[in-house]
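# Inside the fold
Residues per chain, in single letters:
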Amino acid sequence: MLGWRPVTRKLWGLVLAAVAIRAAAALMAVVIFPDGSRYVRMAQQMGQSRFGEALAENTLTHPLYPLLIVLGDAFLHNRILVGALLSAVLGGLAVLPLFFLFRDAWNDRVAGIAGLFYAFLPVLVELHSEVMLEGTFMFFFFSTMALGMSALERRSWEGAILTGVCAAAAWLTRPEGIYLPLLFGLACTIRRSRFAPVAFVLFLATAFLVAWPYLSFIRAKTGHWGITANEYSSGVVGLFTGKTAAAGFQVNEQSAAEYSEYKDIALYGSIGGPVMTLSKSILKILYYGLAPFLLLGFWFVRWPGIRWGPALHLFAGALGYFIPPVLAFVAGTPYSYRYILVPCILVLPVAAIGLLKAAEWSRRREALPVALAVLCLAMSARLMRFRRADRIGLKQAGLAIREKLGEGRRILGWSRPVETYALGEFVDPVTGLTAADLDRTVREKKVEVLALYLTDLRFCEKGFLEHVDKSYALFGEFPSPPVKGATPVRVYVTGLR
């Protein structure tokens, strides 16, 4: 039974471990993740009551995570720290609803091992230790699934309302939260009762009321009602409305060299390429070592005591969530391993079953604890390394601008972390910028500082950097002094105020 019974000491220990290892991994991030800079920027605008600008920030992002950063910043006065804490704490706490979901489908033992996998998987820990919204999203997404099953089991109208609030919160964090009404509808079918239709109505009404303000923004932005204003997510939806052509990725020599998914398509074809990309992503998420146990677990998925209703809830969630990332290859919209994290998490109990079966075959009592210890130690060792140390110049450049030129400077460049550390205002140049484009943009947008991460100049015309050297005063090159393996960032001042 799923009921939210008192949490045991062992489960609290698992939660503490999940949060602690994410917090420790946060210390290994040398420079903020590029997407994190956008969330910090949105939070800054929201804190200044510039909500229209924040919601329209490129790329269009659902607003809850930046809004939570604003609320935390009121107490800690450090948006980067708040963003990382939100990810670590909420990402770690997500192991609670996952444990209840896994236990409801199998038992405490399977749920505990699967929860341990979730707590230590390097891809999850690293993502949840960044200023990224995935930890927040997963907390609300999995909480909705668990609360929904619990509300239906206990026939609680308060639980149905709370489930609706969590579903709306998940959608307000990422567009994929839109799957939750379908999953709650499935849960109502699994736990059929006279209360189920009432619970579904309460769920929908609550979720709609909480989501209404952002739904209105989407309509104002796009001219029609929809689940998101994000062009990439809309591109996948457009396959069903006819607005997006099923043209797939347009692969050329440059794109194949720049992006791994394009390279896979170039090497293995329009079908084999996506299969290869998705397979590599799944192996990466499962840290390779769990993949054999997952395959074994599917063979023995009818583990003694399985309850097929709750298990179907998990499998349907995994399969339904997995389909849109596959369709991204058809729509030609950007792909990331992050898009299939949730399906991989929902099948972790199957990997736990595989490990239990392998330990059973060994006929040695110590096989299971030794295997778990080895896996967790190997995954932990993977986490204790500095991330993005080669980009330290972005941080140093931003801090130098803030210290010597002051906050609020209009900064032109491609790499947004500079803006984040400088507490400035970013001017995003077009790809393939020419020297003439640069001079015009500087004049028209009153750019005060150029922050050029040299790797980003690969798309600029020949002689671009030489033109900058002649036309603008060099403020400095970072990191200073130079660091082996770190790409330089050259900062110029334009003389405009």
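Coordinates for the structure precede this section.
Described below are features of the structure shown in this document. Values in this document were obtained by computation on a predicted structure and should not be read as measured data.

## Considering the overall build of the chain
Tallying secondary structure elements over the chain gives 24 helices and five strands in all. In terms of overall dimensions, the chain is globule-like: its C-alpha atoms have a radius of gyration of 24 Å, near the 23 Å expected for 497 residues. C-alpha extents for the chain along the principal axes are approximately 75 × 50 × 50 Å. Of all 497 residues assigned to the chain, the portion counted as buried reaches 54%. Considering only contacts in the chain between residues 6 or more positions apart, those separated by 24 or more positions represent 71%. Carbon and sulfur atoms make up 62% of the accessible area of the chain, which amounts to about 22,700 Å² in all.

## Observations regarding the packing of aromatic side chains
For the structure shown, the criterion picks out 23 aromatic pairs. A ring pair is formed by Tyr179 and Tyr321, whose centres lie 4.9 Å apart and whose planes are at 80°; its orientation type is edge-to-face. With Tyr179 in the loop between helix H10 (157-173) and helix H11 (180-190) and Tyr321 in helix H17 (residues 308-331), the pair connects residues that are 142 residues apart, well separated along the chain. When its relative accessible area of 17% is taken as the criterion, Tyr179 is described as buried. A connected cluster of aromatic rings, assembled from ring pairs, spans Phe249, Tyr259, Tyr262, Phe329, Tyr335 and Tyr339. Sitting over the face of the ring of Tyr337, Lys284 holds its NZ or CZ atom 4.1 Å from the ring centroid. A cation over an aromatic ring shows up here: Lys357 above the ring of Phe300, its NZ or CZ 4.8 Å from the ring centre.

## Topic: the packing of helix H4 (residues 64-76) against helix H5 (residues 79-93)
For the pair H4 and H5, interaxial distance at closest approach is 8 Å and the crossing angle is 120°. By the criterion of interaxial angle, the relationship of H4 to H5 is oblique. At the point where H4 passes H5, the crossing takes the right-handed sense. Within the contact between the two elements, H4 uses Tyr65, Leu68, Ile69, Gly72, Asp73 and Leu76 and H5 uses Arg79, Leu81, Val82, Gly83, Ala84, Leu85, Leu86 and Ser87. Its residues assigned to classes, the contact of H4 with H5 shows nine nonpolar, three polar and two charged.

## Remarks on helix H6 (residues 95-105)
The buried count for H6 comes to eleven of eleven residues, which makes it a mostly enclosed element. Listing the buried residues of H6 in full gives Val95, Leu96, Pro97, Leu98, Phe99, Phe100, Leu101, Phe102, Arg103, Asp104 and Ala105.

Calculation criteria
- Residues numbered from 1 in each chain as written.
- Predicted model: local features only at pLDDT ≥ 70, side-chain atom pairs only at ≥ 80, totals over all residues.
- Heavy atoms only, no water.
- Helix = DSSP H or I, 4+ residues; strand = E, 2+ residues; numbered from the N terminus.
- Rg over C-alpha atoms; globule rule 2.2 N^0.38 Å.
- Buried < 20%, exposed > 50% of the residue type's maximum accessible area, 1.4 Å probe, protein only.
- Contact = heavy atoms within 4.5 Å.
- Areas by Shrake-Rupley, 256 points an atom, 1.4 Å probe, with all protein chains shown as cover.
- Phe/Tyr/Trp six-rings, centres within 6.5 Å; stacked < 30°, edge-to-face > 60°.
- Lys NZ or Arg CZ within 6 Å of the ring centre and 35° of its normal.
- Axes fitted to C-alpha atoms, helices over the stretch in contact; angles between N-to-C directions.
- Parallel < 35°, antiparallel > 145°, perpendicular 65-115°, else oblique.
- Left-handed = near helix turned anticlockwise from the far one by under 90°.
- Nonpolar A, V, L, I, M, F, W, Y, C, P; charged D, E, K, R; others polar.

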